[in-house]
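The primary structure of each chain is shown beneath.
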Amino acid sequence: MTCVSPSILSADFGCLGRDIEMINRSEAEMVHIDVMDGVFVPNISIGFPVIDAVRSLTSKILDVHLMIVQPQNYVSRVRDCGAEIMNVHVEACTHLHRTIQQIKAAGMKAAVTLNPATPVVMVEDVIADVDMVLLMSVNPGFGGQSFIPVTLKKTRQLRELIAQSGSSARIEIDGGVNAETGQALVDAGADILVAGNYVFKAPDPLAAISTLHNLTPSK
Ligand code: DX5
Ligand code: ZN
């Protein structure tokens, strides 16, 4: 079984309650929420009032992915939304170690995110401190982009780093995930798959979530 985190970036924001209700009825363990500031990434999405609203509609784990500069300034606000997981980009954190400690002290799981061009070695010295590493398999900012294949190599490298270090960090992948790329990612060692377009543009979103949820390593 693979953990699935549907990304509401691809949901219908005019009917967000209906789309969250679909996730509630699905096999997904999480809801992935993409926050963009128009500075760290070339797009602006949603902010805290929407996260508060999602929280009131679901008891699934809220997996908040901050694509913003200075995410350390928002740790308590994300916690106050009731989020369980706070993802910060390595590229956005000058003092990453401190920010990880702040997220954990606030009572959330700490996740660090790597852009496609950022090598896995950048998390080597914090791997024992984090609960999750999120590998971006597209350049962040937009849903519906194509999967970048180097992510498979990075997933294997990260799996090896976690094994060597004795860390219990989980590996999450975000961007261009579908049944095919999802299978390759699970084979490479991914634990959690984020999926936006594959779920919300599917004729049967519940079945799309189920397909990802049922992926197991093929060898
Ligand atoms: C992109 C976001 C993703 C996005 C994924 O910046 O971080 O979570 O919603 O969308 P798909 O699955 O359509 O590539
Ligand atoms: Zn995301």
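Residues numbered from 1 in each chain as written. Chains lettered and ligands numbered in written order. Predicted model: local features only at pLDDT ≥ 70, side-chain atom pairs only at ≥ 80, totals over all residues. Heavy atoms only, no water.

Observations concerning the sheet that holds strand S4 (residues 85–89)
Note the following rule: Two strands are said to pair when DSSP picks up at least two bridges between them. By the criteria applied, helices consist of DSSP H or I runs no shorter than four residues and strands consist of E runs no shorter than two, each listed in order from the N terminus. Orientation is described by axes fitted as lines to C-alpha atoms, over the contacting stretch for helices, and by angles from 0 to 180 degrees between their N-to-C directions. Contacts are assigned to residue pairs that have any heavy atoms within 4.5 Å of one another.
Strand order in the open sheet made by the 8 strands is S1-S8-S7-S6-S5-S4-S3-S2, with parallel pairing throughout. Either end of the sheet is taken by a strand with one partner, and the two such strands are strand S1 (3–6) and strand S2 (30–36). Put simply, the sheet's adjacent strands are angled 25° from each other on average, direction ignored. For strand S6 (residues 132–136) and strand S7 (residues 170–174), the ladder comprises 5 bridges, and the chain directions are parallel. Each residue of the ladder has a partner; that of Met136, found in S7, is Asp174. Most of the contacts of helix H8 (residues 205–213) go to S1, to which it runs at about 145°, and overall it touches S1 and strand S8 (192–195).

Some details on the pairing of S2
This is how the line gets drawn: Between buried and exposed lies partly exposed: a residue is buried under 20% and exposed over 50% of the maximum accessible area for its type, with that area taken using a 1.4 Å probe on protein chains only. If the strands point away from the viewer and the path from the first strand over the helix to the second runs clockwise, then the crossover is right-handed.
Of all 7 residues in S2, 7 are buried, a share of seventy percent or more. Here S2 shows two buried faces, one formed by Met30, His32, Asp34 and Met36 and the other by Val31, Ile33 and Val35. Judged from the 7 bridges that link them, S2 and strand S3 (residues 61–67) form a sheet pairing that is parallel. Opposite Val35, over in S3, you have Leu66 as the bridge partner. As for the winding sense of the linkage, the β-α-β connection from S2 through helix H2 (residues 48–57) to S3 is right-handed.

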